[in-house]
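Fold and contact review
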Amino acid sequence: MTHLELIHIHKSFGSAVAVEDFNLAVAQGEFISFLGPSGCGKTTTLRMIAGFELPTSGKIAINGADLTYTPPNKRNVGMVFQSYALFPNMTVAQNVGYGLKIAGKTKAEIEARVAEMLALIQMEKFAARYPYQLSGGQQQRVALARALAIRPQVLLLDEPLSALDAKIRLELRQEIRRIQRQLGITTIYVTHDQEEALSLSDRIVVMSQGRIEQIGTPTAIYNEPATEFVAQFVGHINLLPVEVITPAEGVVRLGGQVIRAGRFGHLNGRPVRLAVRPEELNPGFVEGLNNLSGRVESVTYLGSIVRIRVEVEGHLLALDMFNERRLKIPAVGDALQVHFPVEACWLL
Amino acid sequence: MNAKRINWWAIFWGALAILYFFLPMYGTLDFSLRMKRGEISLLAYEIVFADPRFWEGFRYSTLMALMTIVISVLVFVPTVYWMHLKVPQARPVVEIITILPFIIPPIVYVFGLIRTFSRPPLQMTLSPITTDLLIVTGYVVISMPYMFRAVDVGMRAIDVRSLTEAAQSLGSNWFQVLAHVIVPNLRIAILSGALICFATVMGELILASFLVRPALGPYMQLLGLTKAYEPAALAIISYALTWFSLGLIQLVSRSGTAQQLTGR
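One structure accompanies this document, and this report is about it.

Conventions used here
Residues numbered from 1 in each chain as written. Chains lettered and ligands numbered in written order. Predicted model: local features only at pLDDT ≥ 70, side-chain atom pairs only at ≥ 80, totals over all residues. Helix = DSSP H or I, 4+ residues; strand = E, 2+ residues; numbered from the N terminus. Buried ≥ 20, exposed ≤ 12 C-beta atoms within 10 Å, placed from the backbone. Contact = placed C-beta atoms within 7 Å. Nonpolar A, V, L, I, M, F, W, Y, C, P; charged D, E, K, R; others polar. Pairing = 2+ DSSP bridges. Axes fitted to C-alpha atoms, helices over the stretch in contact; angles between N-to-C directions. Core = buried A, V, L, I, M, F, W, Y, C linked by C-beta atoms within 7 Å. Expected span 1.5 Å × (residues − 1). Arc of directions from axis to C-beta.

As a further point, take the overall build of chain B. Within chain B one finds 15 helices and zero strands. Across its three principal axes, chain B shows a C-alpha extent of roughly 80 × 70 × 30 Å. For chain B, buried positions account for 33% of its 264 residues. Sequence-distant contacts in chain B: of pairs separated by 6 or more residues, those separated by 24 or more amount to 76%.

See below:
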């Protein structure tokens, strides 16, 4: 059943369009990420759900109730901010219990709920500390507990890990997912980090210039990007300009070399690009698969993988190989053949 | 090991500045203690403290200062908060308005007040209470640059927008946001502004003098016309009040509360 619904949401700031015809239905307990570059409208959309911005047109509903013009303090929506936004004048326990105090809960109820929340984030010993006495990761944990303490209908997280260092970010990411699953709370997570979105989400909404580019599971977003933007924004991709030979079968030509694409739409004479992920390419010739010949342009070590750039018909093609000890890495300038399955490539 | 070079010029200018500031103070203090010929005594202070007009002026000025502080806080905290949150583009205009008391001479301001509020429809100088109201509003304007800046600096030190939105998402209305989150985090800033307001009002002469109110400033001026040692004693008392206020600001801003608010 739909828990949160955004219907034809449009938001303009003067003549600048921030969000355009945004439609989304979120099921109870679902974890949705808004993914996109800076200025794509993801935070504005989140702020409209929270009530901090009013949509220019459209409707926002939670559990069927229209909340489009409901003030933020009446929405029962929890929010976690990038800058933590803990109240500096309150201890951890007071921060977590603040929403309950405002809701008029008794002291006993507040104490019990605060203890429960601090146990959830494993910070029982920090109840009497002030925010300045905590690390960034601990502060964000407290901010999460504070947002959850009021038992919100929807939890909103606005780039909550952006201000943290890489190791803490990874730990807290897993923590957020664990807590979200444990409580079964509907969650909207805004990020520009594709790894975060792919690892956390049930579904991802990829946005660009105020518009939804694609909504789908992490697998669908990565393996079947609907647009060139999604293909380029999520993961690495090779995009090669090709010439269509047989439109009905998806057969194209790159210079003098022929390739067959696994997925393609109507190829009505428009310029076409072949898309293939670097990890789908393998060195060597295999009969029955797509094969391309080229010359090694560069070899780059990226830790667990080695990225080889091959020049094919005047275009650069990236190929990722696992950095195994037995790996034979070609030298720059070597002639190299690469192969990839038909299903691994598609036409955009 | 690098031996630090002594900057003799810095010491020279520092010493000169200290002399410039403290020498007149020392002279005044010394003079105030020499009322009894040939001996050091506190007689001038005893006379001042025994004068009922001093206490009347002190009580009146303290009351006016407290009223000024309360009204200033009630006016400037929400105004500066709103400016930070909703109309940050209005800052240049607001800043110009707040420095007007530095630009317009107090005497011009007082004449303006008297001309405007001594005639119908707002004839406020007819009774002591309405005149006191007028004088407090005048003090609010005079102390506006100090209170505005103190609150503004305090607001800049905290993430007003995020704190407001966090409080709202937890169910707070505007009043609760201000009362529970914003004002407690502006304690030091408000106290600093209040103490400067207090010092300003306690020494203010022109408004009280032209509106004929029994404040400390006119009393000091009157005493200066007729006596020799008592005005010196009063000047030292006035200095002491100002330094006490400044000391309090320092004490508060260095306390644990400041660390709690700023995280430093």
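Here the narrative resumes.
What follows is about the overall build of chain A. The secondary structure content of chain A amounts to eight helices and 20 strands. When the backbone C-alpha atoms are referred to their principal axes, chain A occupies close to 75 × 50 × 35 Å. Residues classed as buried in chain A amount to 41% of the 348 residues present.

Take the interface of chain B and chain A next. Residue-level contacts link 20 residues of chain B with 20 residues of chain A. Breaking the side of chain B that touches chain A down by element, the ones donating at least two residues are α9 (160-169), α10 (174-182) and α15 (256-262) of chain B. With six residues, α9 of chain B is the single largest residue contributor to the side of chain B that touches chain A. Within the side of chain B that touches chain A, the residues separate by chemical class into seven nonpolar, 11 polar and two charged.

Right, let's talk about the sheet that holds strand β9 (residues 203-208) of chain A for a bit. All names here are of chain A. Read across the open sheet, the six strands follow the order β6-β7-β8-β3-β9-β10; overall the sheet is mixed. Bordering the open sheet on either side are β6 (77-80) and β10 (211-216), each of which pairs with just one other strand. Adjacent strand axes in the sheet meet at a mean angle of 20°, parallel and antiparallel pairs treated alike. Note: β6 against strand β7 (residues 154-158), four bridges, orientation parallel.

Here the focus is the nonpolar core. Counting 156 residues, the largest nonpolar core has Leu156 of chain A together with Val151 of chain B as the members making the most contacts within it. In terms of residue count, the dominant contributor to this core is helix α11 (residues 187-202) of chain B (11 residues). Sequence-distant contacts of leucine 156 of chain A, defined by excluding residues within four places in its chain, comprise Leu46, Ile49, Ala50, Val77, Gly78, Met79 and Ile188 of chain A.

This brings us to the pairing of strand β2 (residues 16-27) of chain A. All names here are of chain A. The pairing of strand β1 (residues 2-13) with β2 spans eight bridges and is classified as antiparallel. Pairing of glutamate 5 across the sheet is with alanine 25, part of β2. The hairpin turn running from β1 into β2, its antiparallel successor, is two residues long, and glycine 14 in that turn takes a positive phi close to 65°.

Moving on: helix α3 (residues 107-120) of chain A. Residue and element names in this part refer to chain A. Here α3 is 14 residues long and its end C-alpha atoms lie 20 Å apart, about the 20 Å a rise of 1.5 Å per residue gives. For α3, every residue scored as buried is listed here: Ile110, Arg113, Val114, Met117 and Leu118. End-on view of α3: buried residues confined to an arc of 135°, all on one side of the axis. Facing away from the buried side of α3 by over 90 degrees, the exposed positions are Ala108 and Ala119. A positive phi of about 55° marks glutamine 122, the residue just after α3.

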